[in-house]
Amino acid sequence: MTCDHLVCANCNGRVSDGRCPVCRANRARLQEQQGPFAALSPAMLLVLLAGLLAVALIARQALA
């Protein structure tokens, strides 16, 4: 998840702008929680999933 589209309930600004201490704290918290797939878009995750499914189907055909 990114903070580009999140709106702060405290200052009513974008969290990515970091206008208030609440925004800055949440932006820092979100940046800490990035995992190995955080940089991938949902579309790229779907492409990777489709590729994995294709490899599984090909392997199944080869073994049968």
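Sequence positions are assigned chain by chain, starting from 1 and proceeding in written order. Given that this is a predicted model, residues contribute local features only at a pLDDT of at least 70 and side-chain atom pairs are listed and counted only at 80 or more, while totals for whole chains, interfaces and linings are drawn from all residues. Values reported for side chains reflect all heavy atoms of the structure, with hydrogen atoms and water molecules removed beforehand.

(A) Structural detail: the overall build of the protein. Where helices and strands are cited, they refer to DSSP runs of H or I of at least four residues and of E of at least two residues respectively, numbered from the N terminus. Scanning the protein for helices and strands turns up two helices and zero strands. For 64 residues, the compact-globule estimate of 2.2 N^0.38 gives 11 Å, and the C-alpha radius of gyration of the protein, at 19 Å, exceeds that figure by more than 25%. A buried classification covers 12% of the 64 residues belonging to the protein. Throughout, a residue-residue contact means that at least one pair of heavy atoms, one from each residue, lies within 4.5 Å. Nonlocal contacts in the protein, meaning residues at least 24 apart in sequence, comprise 12% of its contacts between residues at least 6 apart. Of the roughly 5300 Å² of accessible surface on the protein, 63% is carried by carbon and sulfur atoms. Two things to know: the radius of gyration comes from C-alpha atoms, and the globule rule equals 2.2 Å times the number of residues to the power 0.38. The buried label goes to any residue with under 20% of its type's maximum accessible area, the exposed label to any with over 50%, and the partly exposed label to all in between, with areas taken from a 1.4 Å probe on protein chains only. All accessibility values rest on the Shrake-Rupley procedure with a 1.4 Å probe; residue burial counts only the protein chains present in the view.

(B) Representation of unusual backbone geometry within the structure. Positive phi values are uncommon outside glycine, yet Asn12 reaches one of about 65°. Classification of Asn12 as exposed rests on a relative accessible area of 64%.

(C) Local environment of the UniProt feature "transmembrane region" (unreviewed entry) in the protein. UniProt positions are given in the numbering used here, feature names are shortened, and annotations may be inferred rather than shown by experiment. Cross-referencing UniProt, the feature "transmembrane region" (unreviewed entry) maps to residues 37–59 in the present numbering. Along residues 37–59 the backbone is 78% helical and 0% strand, and the end-to-end C-alpha distance reaches 25 Å.

(D) Broad picture of the pattern of salt bridges. Definition used for salt bridges: Asp or Glu carboxyl oxygen within 4 Å of a side-chain nitrogen of Lys or Arg. Considering all chains together, one arrives at one salt bridge under this definition. Between Arg14 and Asp17 there is a salt bridge, with its nearest N and O atoms 3.1 Å apart. The exposure class of Arg14 is partly exposed, given its relative accessible area of 44%. The class for Asp17 is partly exposed, based on a relative accessible area of 37%.

(E) Highlighting the environment of Asp17. Mapped onto the fold, Asp17 is located in the segment before α1 (21–32). Residues Asp17 and Met44 lie 27 residues apart in sequence; the distance between their C-alpha atoms is 26 Å.

(F) Broad picture of a nonpolar patch on the surface. Taken together, the side chains of Phe37, Leu40, Met44, Leu45, Val47 and Leu48 make up a nonpolar region of the molecular surface, amounting to roughly 530 Å² of accessible area. By the secondary structure assignment, Leu48 is in helix α2 (residues 42–63). A residue is classified by how much of its surface remains accessible, and Leu48, at 45% relative accessible area, is partly exposed. Patches draw on residues past 30% relative accessible area with no salt bridge. Two like charges within 9 Å are joined, as are two nonpolar side chains (Val, Leu, Ile, Met, Phe, Trp, Tyr) within 5 Å.

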